[in-house]
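What the coordinates show
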Amino acid sequence: MLPSGPALDKVLDAALEAKESLAEIYHAYFAKRNLDLTVDDKAVNIAVMETLKTDDTPLSYGYAFLLASKLSGDISKIFDSIEDIVAQADEVDEKYLQFEGGLYVSAIVIDGAYKLADKLRKAPAISHVRHGNKILQLLPEPETCSSAEVCILFLSVIKTLTENKFHIPVAVTLASPVAVTRSNPQVKVLVTNLLGGSLGKLTVMADSAQHLGEEAIFLSKEEFKPVKAEE
């Protein structure tokens, strides 16, 4: 059972001052904020920078990004480290990037980076990293959610990627049968943000389409025509 009142405040302050784990600092800081307890942002900022000297893993920096997105004072050094941290993501199956530790670490890093960028009103140096133009590929499939906490993190980063002011990943989903037949001659796709919302007016091009039986390309650089959802 957790202590209450001044005793709880003391426990949380001890976690902030320990400088042993960014996760502990993160949870203690937001616990104090949510409980309307006084927090010394300057002291927390110092604790974050000191802790990063001994634990500079992507996960620790992810927590640092999230903390810095709420801290007052100079947080430019933490923001400037985003590119270096994202560059540490590993390529998997030549399809996507992820950090060691899977979805949990990837979600914290990307969520924190964009929330910090929003605070400073500066685009994070992510789109310039290899595969960075496909930001969603930094996150493994949602089926890998192993706990409620991981699922919450996944939903949080998806929301951040949908609402941020810098890079909006696009979700393209097939909305018609896979096979094109005489009875189903049209190919329909949904082009939305990650939460299924509208991206506004845009142009969607089909780069190419190939006949599987004859291996012949029968469509190239063809523009899709917009249709109403019910059509």
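Rules used throughout
- Residues numbered from 1 in each chain as written.
- Predicted model: local features only at pLDDT ≥ 70, side-chain atom pairs only at ≥ 80, totals over all residues.
- Heavy atoms only, no water.
- Patch = residues over 30% accessible without salt bridge, like charges linked within 9 Å, V, L, I, M, F, W, Y side chains within 5 Å.
- Areas by Shrake-Rupley, 256 points an atom, 1.4 Å probe, with all protein chains shown as cover.
- Salt bridge = Lys/Arg side-chain N within 4 Å of Asp/Glu carboxyl O.
- Helix = DSSP H or I, 4+ residues; strand = E, 2+ residues; numbered from the N terminus.
- Buried < 20%, exposed > 50% of the residue type's maximum accessible area, 1.4 Å probe, protein only.
- Contact = heavy atoms within 4.5 Å.
- Axes fitted to C-alpha atoms, helices over the stretch in contact; angles between N-to-C directions.
- Left-handed = near helix turned anticlockwise from the far one by under 90°.
- Nonpolar A, V, L, I, M, F, W, Y, C, P; charged D, E, K, R; others polar.

On the surface, Leu-174, Val-178, Val-180 and Val-187 cluster together into a nonpolar patch covering about 370 Å² of accessible area. By the element assignment, Val-178 lies in the loop between β3 (171–174) and β4 (189–192). Classification of Val-178 as exposed rests on a relative accessible area of 76%.

Attention now goes to helix α4 (residues 58–68). Burial runs high along α4: 10 of the 11 residues are buried. Buried within α4 we find Pro-58, Ser-60, Tyr-61, Gly-62, Tyr-63, Ala-64, Phe-65, Leu-66, Leu-67 and Ala-68. Buried residues along α4 sit in contact with α2 (22–34), α3 (41–54), α5 (76–80), α6 (82–86) and α7 (103–120).

With that settled, consider the packing of α7 against helix α8 (residues 148–163). Interhelical geometry of α7 versus α8 gives an angle of 35° and a closest axis separation of 9 Å. Crossing handedness for the pair α7 and α8: left-handed. Where α7 abuts α8, its residues Leu-103, Tyr-104, Ala-107, Ile-108, Ile-110, Asp-111, Tyr-114 and Lys-115 lie against Glu-149, Val-150, Leu-153, Phe-154, Ser-156, Val-157, Thr-160 and Leu-161. Its residues assigned to classes, the contact of α7 with α8 comprises 11 nonpolar, two polar and three charged.

Considering all chains together, one arrives at six salt bridges under this definition. In this structure, Lys-165 and Asp-118 form a salt bridge, with 2.9 Å as the shortest nitrogen-oxygen distance. Taken together, the positions of Lys-165 in the loop between α8 and β3 and Asp-118 in helix α7 put the pair 47 residues apart, joining distant regions of the chain. Overall, Asp-118 belongs to the partly exposed group, its relative accessible area being 35%. Across the pair Glu-163 and Lys-159 runs a salt bridge whose closest N-O atoms are separated by 3.0 Å. Here Glu-163 pairs with Lys-159, and both are found in helix α8, just four residues apart, close to one helical turn.

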